[in-house]
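What follows is the residue order along each chain.
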Amino acid sequence: MKMKKLAGLLFISLVFVGCGSTAKTTVRKVGGALNEETVQDYQGLKRIVAIARFSNETEYAKGAFYDRENDPIGRQAVDILSAKLAARGKFILLERADADKIQEEIEKNGGDAQKIQADYLIVGSITEFGRKVIGNVGLASRSKTQMVEAGVTIRLIDVRTKQIIYAEEGKGEAETSSSTVLGMGGVQGFDSTLSDKAISAAIEKLVDNIEKNCMDRPWQSYILSYGDDGIIIAGGEKQGVKVGSVLPVYERGRQVKNPQTGMMIELPGKEVAKVSVIALGGRTVTDEYAVVQLVEGSINSSALSDYVIQDK
């Protein structure tokens, strides 16, 4: 009799332990594990990046009143990419309006890179986006899984050369699942955050490669003026320029036409001088400058456009 009571109590305990709902969310980057987002403390010279709006090349959320300029999926991608680049601490991000101007300038033949306040332009598109719901109903249980898959393509353009220096597609997935047993608990409703998570996972690998391609290329600046008030160059404190820094000055190489692509390319220049930073000025990234003095070599003050300052 006691054994029957114990068995009954054990059964009831197991039923109540098993009853209720369970929920789990999984996010993964296709081709690797997700990295933990941390803000980096970078003390070197920063690159200026403008992010153009992402285009939505899928059919998702394109109804009768679809507005291409205000696509919600595209805006999500821009916000996520901006946050991830900002966390690296190596970039200064320009506003969307600046990105539009830069893209227009790049598309013009003969656009002057010295007038463009950016080193790189990022153009992106959502190439894949899908959401599906899978449900299973058993004798005593019920489960529901929501899944979102996203594909993002990014092109990184060197503003000075107007060439695409990096292009790649990243893919990410996010899913959430919940279940009930013996009718107790509740299955999760629509999860709108999965879109952010899937796009974020797709972008993550691309951010690593954007950083590598930008930072592997030298930081560049131009001479704005050369007169009685000294030599003024573009760039200042926000870009990581510091008083006392010594920067090399290069005479720009000649332009030649590549017969394979039909594009003009600039040959490597030679170092002709060094300048030392003695003062910084300006309030924003678009108007900041540095006052420098010659410490080695010479600069022709009547041909300032022939020079470029660059450093790793």
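In this text the structure is predicted, and so the values were computed from the model without any measurement.

Trainee: Help me understand the overall build of the protein, please; the structure alone is not making it clear to me.
Mentor: For the protein, the count of helices and strands is four helices and 16 strands. Out of the 312 residues belonging to the protein, those deemed buried represent 39%. In the protein, the proportion of contacts linking residues at least 24 apart, taken out of those at least 6 apart, comes to 72%. A total of about 17,200 Å² of accessible surface is found on the protein, and carbon and sulfur atoms cover 52% of it.

Trainee: Would you mind going over the sheet that holds strand S8 (residues 219-221) with me for this structure?
Mentor: Pairing between sheet strands relies on hydrogen bonds along the backbone, with the strands arranged either parallel or antiparallel. The strand order S8-S16-S11-S14-S15-S10-S9 describes an open sheet built from seven strands, whose pairing is antiparallel. With one partner strand each, in any of the chains shown, S8 and strand S9 (223-227) form the two edges of the open sheet. Within this sheet the neighbouring strands show an average axis-to-axis angle of 35°, counted without direction. The sheet contact formed by strand S11 (residues 246-251) and strand S16 (residues 307-311) spans three bridges and is antiparallel. Note that in S16 the partner of tyrosine 250 across the bridge is valine 308.

Trainee: Sorry, what's going on with the packing of helix H2 (residues 72-88) against helix H4 (residues 193-215) here?
Mentor: Axis angle and axis distance: for two packed helices, these are the angle between their axes and the distance between the axes, and together they describe the pair. Two elements in contact, H2 and H4, have axes whose closest approach is 9 Å; the angle formed by their N-to-C orientations is 45°. Judged by the inter-axis angle, H2 sits oblique to H4. The two elements H2 and H4 cross, and the hand of that crossing is right-handed. Between H2, through Ile73, Gln76, Ala77, Ile80, Leu81, Lys84, Leu85 and Arg88, and H4, the contact on the second element is made entirely by Ser195, Asp196, Ile199, Ser200, Ile203, Glu204, Val207, Asp208, Ile210 and Glu211. A class-by-class count of the residues in the contact of H2 with H4 yields nine nonpolar, three polar and six charged.

Trainee: What's the story with the pattern of salt bridges in this structure? I'm lost.
Mentor: Close approach of charged atoms allows side chains with opposite charge to pair. The final tally for this structure, using the stated rule, is nine salt bridges. When the shortest N-O distance is used, the salt bridge between glutamate 211 and lysine 90 registers 2.6 Å. Placement of glutamate 211 in helix H4 and of lysine 90 in the loop between H2 and strand S4 (91-94) is noted, with a sequence separation of 121 residues between them. Two residues, lysine 171 and glutamate 128, come together in a salt bridge whose shortest N-O distance is 3.3 Å. One end of the pair, lysine 171, is in strand S7 (residues 163-181); the other, glutamate 128, is in strand S5 (residues 120-137), and 43 residues separate them in sequence. If you follow the salt bridges from partner to partner, you end up with Arg88, Lys90, Asp208 and Glu211 in one network.

Trainee: Sorry, what's going on with the nonpolar core here?
Mentor: A general feature of soluble globular proteins is that nonpolar side chains tend to end up buried together. Counting residues in each nonpolar core, the largest one holds 31 residues, and the members touching the most others are Phe54, Leu81, Ile122, Val152, Ile199 and Ile210. If you list the elements that add at least two residues to this core, you get strand S2 (47-51), H2, S5, strand S6 (141-158), S7 and H4. In this structure, Val277, Ala290, Leu304 and Tyr307 belong to the second largest nonpolar core, which totals 17 residues.

Trainee: Teacher, can you tell me more about the side chain of lysine 90 here?
Mentor: Classification of lysine 90 as buried rests on a relative accessible area of 15%. Those residues within four positions of lysine 90 in sequence are excluded, and the remaining contacts are Gln40, Tyr42, Lys46, Arg47, Glu211 and Met215.

Trainee: What is the right way to look at H4 in this model?
Mentor: For an α-helix the count is 3.6 residues per turn, leaving residues at separations of three or four pointing the same way. With 23 residues, H4 extends 32 Å from end C-alpha to end C-alpha; this agrees with the ideal 33 Å at 1.5 Å per step. Bending of H4 peaks at approximately 30° at the position of glutamate 204.

Trainee: When you look at the confidence of the model for the protein in this model, what are you seeing that I'm missing?
Mentor: Per-residue confidence for the protein gives a mean pLDDT of 79; residues scoring 70 or more make up 72%. Contacts from residues 9-21, a stretch scored under 50 in pLDDT, to residues over four places away or in other chains number 15 contacts.

Trainee: Could you clarify how one ought to interpret the environment of leucine 206 in this entry?
Mentor: Mapped onto the secondary structure, leucine 206 falls in helix H4. Residue leucine 206 is classed as buried on the basis of its relative accessible area of 0%. Residues leucine 206 and leucine 81, spaced 125 residues apart in sequence, show a C-alpha to C-alpha distance of 9.2 Å. Sequence-distant contacts of leucine 206, that is, excluding residues within four places in its chain, are made with Val152, Ile154, Tyr166, Glu168, Glu169 and Gly170.

Trainee: Please explain the pairing of S9 as it appears in this structure.
Mentor: It is a general feature of regular strands that their side chains alternate between the two faces of the sheet. Judged from the four bridges that link them, S9 and strand S10 (residues 230-234) form a sheet pairing that is antiparallel. When the bridges of S10 are listed, tyrosine 226 appears paired with isoleucine 231.

Trainee: It is not clear to me how H2 should be interpreted in this structure. Could you clarify?
Mentor: Here H2 is 17 residues long and its end C-alpha atoms lie 25 Å apart, about the 24 Å a rise of 1.5 Å per residue gives. Looking only at H2, the buried set comprises Ile73, Gly74, Gln76, Ala77, Val78, Ile80, Leu81, Lys84, Leu85, Ala87 and Arg88. Taken from the residues just after H2, glycine 89 is the one with a positive phi, measuring 75°.

Cut-offs and rules
Residues numbered from 1 in each chain as written. Predicted model: local features only at pLDDT ≥ 70, side-chain atom pairs only at ≥ 80, totals over all residues. Heavy atoms only, no water. Helix = DSSP H or I, 4+ residues; strand = E, 2+ residues; numbered from the N terminus. Buried < 20%, exposed > 50% of the residue type's maximum accessible area, 1.4 Å probe, protein only. Contact = heavy atoms within 4.5 Å. Areas by Shrake-Rupley, 256 points an atom, 1.4 Å probe, with all protein chains shown as cover. Pairing = 2+ DSSP bridges. Axes fitted to C-alpha atoms, helices over the stretch in contact; angles between N-to-C directions. Parallel < 35°, antiparallel > 145°, perpendicular 65-115°, else oblique. Left-handed = near helix turned anticlockwise from the far one by under 90°. Nonpolar A, V, L, I, M, F, W, Y, C, P; charged D, E, K, R; others polar. Salt bridge = Lys/Arg side-chain N within 4 Å of Asp/Glu carboxyl O. Core = buried A, V, L, I, M, F, W, Y, C linked by side-chain atoms within 4.5 Å. Expected span 1.5 Å × (residues − 1). Bend = angle between axes of the 7 residues up to and from the residue. pLDDT = per-residue confidence, 0-100.

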